[in-house]
Each structure stands twice: as C-alpha cells, then as structure tokens.
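Breakdown of the fold
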Amino acid sequence: MGEAEPQQEMDEARRRYEFKKTLEKLEAKEGMGTELITLYIPPDKQIYDVTNQLKDEFGQCANIKSKQTRTNVQSAISSILARLKYYKRPPQHGMAVFCGTVLLGGDRTDLECTIIEPPEPLNLYMYRCSSRFELDPLREMLTEKSVYGLLVIDRREAYFGFLRGNRIEPVSGVTSTVPGKQRKGGQSSVRFQRLRLIAINEFYKKVGERASGTFLAEKDFFERFKGVLIGGPSPTKEEFASGGFLHHEVQKRVIGLFDVAYTNEDGLAELVDAAQDALKGMDIVKEKAVMNRFLQELVRENGNAAYGEESVRKNLETGAVDTLLLSSHLRKSRIRMKCPNCTHHHEATVTSEGGVDLKTIEIPFCPSCVTPMAIAGETDIVEELTQLADQSGSKVMIISDDFEEGAMLYNAFGGIAAILRYRTGY
Ligand code: ZN
C-alpha cells in the first residue's frame, strides 16, 4: 500500500464534506417568486453559446408580469454574464451557477451568486428559473462511491439489497415453495426427493436472476460496484454460490460467503456485520475502529483522549493531538473579531446550520477600550480545526453518524474529539 493513499482518502473526505455543506446552504435558499436561476454547464459546452442563451433569456424577461420578479431575474442574468466573462471555457468538470435574489428573513433580500466546480463531470446543460435552486444533479454526486451487493439466502427465503457507503438499502425478497424435508404419507420417497430438488433449483434460479438483475441495473455497475456478499446457513449459501445461478458478471464479483441466521431483510445487516473483515477497506470499518480507539482511551485511567471544542482546541494548539475526530454532522463556524481601536482580537464559535448570518451575531465590546468589536472573518469549524491539525501533523478523520459510535461522537461529545499523543491536562 502506498503512503499517499490514506492522505488522499482524507482529502477526498474533506472535499466531500465541503461539497455537501455548500449544497445544504444552497438548499436553504428561497426566492420571493420564480427568480432563482440554476445554470448547469457541461465541460464541452461553449461559453458563448451559454452567454447567447442568457442574453436571449434576458430579452424574454419582458414577458414576466411581476415587475419585481422581472427586475430580479434580469439582475441575476446580468450577474451571471459578468462572471462568465472570466471563463474562456468551462472548467474540467463543467460548472454549476446558482444566482438570484434570495430571502434573508424579515423583509431583507440579497442577490447572491455561487459558482460550483463539481467533483465529477456534469453531463447536462440546464437553465432554470424557479423559487428554489435545482440541486439534484449535484446531489447525485454525493451518493457513495463504493456499492456492494448483499444477498442472504436459505431454502425458504432470500433477500437482497445494497450496501452504499455505510448505508444498507434493502431491495426485495423472494420466498420459496420448496416443500419441507418431511414427505406427506403416500408419496414415494424417491419421487418426493426429486421434486424437492427441482423446487430448490427453481428457487435458486429465481433468486439468482432477480438479484443479478438488480445488481446489474445499478448505475455505473462496472465502476462503482465493488462486489457481492452472500450470507446464509451452510450448506445453502455454498450450494447457491457454486451453482452458477448468478449472472457471470455478478458471480465473478462475489467477495465471500458468510454465516448469518436471518435470511429476511434483517439478515442484510447481519451479513454486513459478519463481513467486517472482508470490508476492511471500507469507511465505516475504519471510522468504527478509530472511534473504538478513542472510546478505549477515554475509559482508560489517564487515557489519551479529549473531547469538546475547548479541550480539543487547546490540545491542538499544544501539538498533543494524534488524531482529530470530527463529526460529518458538525455545522459550526468560527468567527474572528477584532477591535477597530486597539490590537485586541477575539474568536467565537457559532452554529451555522443553513449558513451563518453575520448580521445576527452578538458583537462583544473590546475589554480594553470598550468599543464594539468588528467581524474580521468566518471559517467553517471543520476547515479551521483541520488547519490547526495540519500545523502539528495530526491526522484528521471525518466521522459519519451512520453508525452507533459515529452518532455518539456527535451526540455525546459535541462532534469534536481527539486521540492524544500524550496527556496535557486540558
Ligand atoms: Zn480595543
């Protein structure tokens, strides 16, 4: 394994976090009327084609009845046109532009423009005017990259679904009509056994076809689909897996067979648990492992653990943090303030769910000269703490809250925790 790999994965996790947060902010924006413009430009689109259409749309605004909406749409278009001047061609993955007069609460509105260079290539061109921004094409990019097929089976029933990142998605089940082992009186034993085997075979065939069909229908099967996990009692699962019942493309992606007790929908979670080792490379396993390390340190006497923003921040500043653990659910910002009169400055953390409104922040007075402080800047707390961590060579892990220990990081420890190199007393 290359040294660079974990770093790349961490960067990837951070980028995803940033991207997700930007989408959440845009999601919260609303216009008074249908005046928010969404513009998707794929990488191969000519910028002048786009500007031509925008100029056209500008002209057509004359048909908009409401004067206010008309004015707002026209300002948005002008604003986009002004920004597009800086582009000779779209960026590598294309661009998404969100522009319009958004409501800020009260009677206040503001013309806002956001340009996003998406993490994956955009494959559509779209111009839309609506009361909200159209985010679905970008949201799709947030879906987890690795997908596994899950299948649990015994002779009575089978269930299949997906594991997407950390999330189990049940799809559907099949039940069999295979008769029990006990034959009814009057039936010939040989004939009964033969019928039973035929029924089992038919059942396996049906399961194989349906599960294969579901897995193969997965978008980007050949890129994203990492493998299939099969669970069930022995020898059913072995019999099924070696019997050629799955489509050959699915069959060759079977990662392993695992013992599970349930073969209904509940069996899928049991299967994922049983397959932990096989899924070692996956995020949830890594995140779980690091959370468990943190929890072990926490309960150990004089253990190397810290949690809560204040304590972790101090440990970061002294270079005592080995691994910084941040919940992907954190929505906070660090506000920097400075006194306009003297050299005093001050920082505070505020909640930033749906974006920070700097106008609503309580401004303290300078303790030295009793002048109201001025806001000097805002940084997302994950970014800010990550920078601090980088300065002392600490590792950073963004932990999702899709599993018990991950949810605990957010709920019990304020979303910020650390495994320490040594104890500091903070
Ligand atoms: Zn001052």
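Fair warning: this is a prediction, and the values are worked out from it, not measured in the lab.

Description of the overall build of the protein chain
Each helix and strand counted, the protein chain has 13 helices and 16 strands in total. For a compact globule of 426 residues, the expected C-alpha radius of gyration is about 22 Å, and the protein chain comes in at 28 Å, more than 25% above that figure. Dimensions along the principal axes, computed over C-alpha positions, put the protein chain at roughly 100 × 70 × 40 Å. Counting the 426 residues in the protein chain, one finds 44% classified as buried. Within the protein chain, counting contacts between residues at least 6 apart in sequence, those at least 24 apart form 70% of the total.

Quick look at the domain arrangement of the protein chain
Put simply, an interface is often sized by how much accessible area is lost when its parts join up. The assigned domain composition of the protein chain is domain 1 (24-139), domain 2 (147-181 + 191-280) and domain 3 (288-420). Using C-alpha coordinates to define each centre, domain 1 is positioned 46 Å away from domain 2.

Some remarks on the nonpolar core
Core analysis: the largest hydrophobic core is formed by 27 residues, its most contacted members being Leu279, Phe294 and Leu325. Residue assignment for this core shows that the elements contributing at least two residues are strand E5 (147-153), strand E6 (157-164), helix H9 (266-274), helix H10 (283-299), helix H13 (404-413) and strand E16 (416-420). Among the elements that take part in this core, H10 stands out by supplying 6 residues, more than any other. With sequence-adjacent residues up to four places away left out, Phe294 is seen in contact with Ala305, Ala306, Tyr307, Leu325, Phe413, Ala417, Ala418 and Ile419. Core analysis: the second largest hydrophobic core is formed by 24 residues, Leu151, Ala199, Phe203 and Phe225 among them.

Some points on the pattern of salt bridges
If you walk through the whole model with that rule in mind, you get 24 salt bridges. Note that Lys237 and Asp259 form a salt bridge whose closest N and O atoms lie 2.5 Å from each other. Of the two residues, Lys237 sits in helix H7 (residues 236-242) while Asp259 sits in strand E9 (residues 254-259), which places them 22 residues apart along the sequence. Residues participating in the shared-partner salt-bridge network are Glu309, Arg313, Arg334, Glu347 and Glu384.

Re the coordination of the zinc ion
Reference values for coordination geometry: four tetrahedral donors around a metal ideally subtend 109.5 degrees, six octahedral donors ideally subtend 90 or 180 degrees. Looking at the metal site, the zinc ion is ligated by Cys339 (SG), Cys342 (SG), Cys366 (SG) and Cys369 (SG), spaced 2.2 to 2.3 Å from it. Considering all 4 donor atoms around the zinc ion, angles at the metal cover 98 to 124° and the coordination shape is tetrahedral. If you list the donors of the zinc ion from N- to C-terminus, the spacing comes out as C-x2-C-x23-C-x2-C. Taken together, the residues Cys342 in the loop between strand E12 (332-338) and strand E13 (345-351) and Cys369 in the loop between E13 and strand E14 (374-380) connect sequence positions 27 residues apart. Its relative accessible area of 29% is what places Cys369 among the partly exposed residues.

Rules used in this analysis
Residues numbered from 1 in each chain as written. Predicted model: local features only at pLDDT ≥ 70, side-chain atom pairs only at ≥ 80, totals over all residues. Heavy atoms only, no water. Helix = DSSP H or I, 4+ residues; strand = E, 2+ residues; numbered from the N terminus. Rg over C-alpha atoms; globule rule 2.2 N^0.38 Å. Buried < 20%, exposed > 50% of the residue type's maximum accessible area, 1.4 Å probe, protein only. Contact = heavy atoms within 4.5 Å. Domains from an automatic or database assignment. Core = buried A, V, L, I, M, F, W, Y, C linked by side-chain atoms within 4.5 Å. Salt bridge = Lys/Arg side-chain N within 4 Å of Asp/Glu carboxyl O. Donors = N, O, S within 2.8 Å, 3.2 Å for Na, K, Ca; no water. Tetrahedral: all angles 85-135°; square planar, octahedral: opposite > 155°, others 65-115°.

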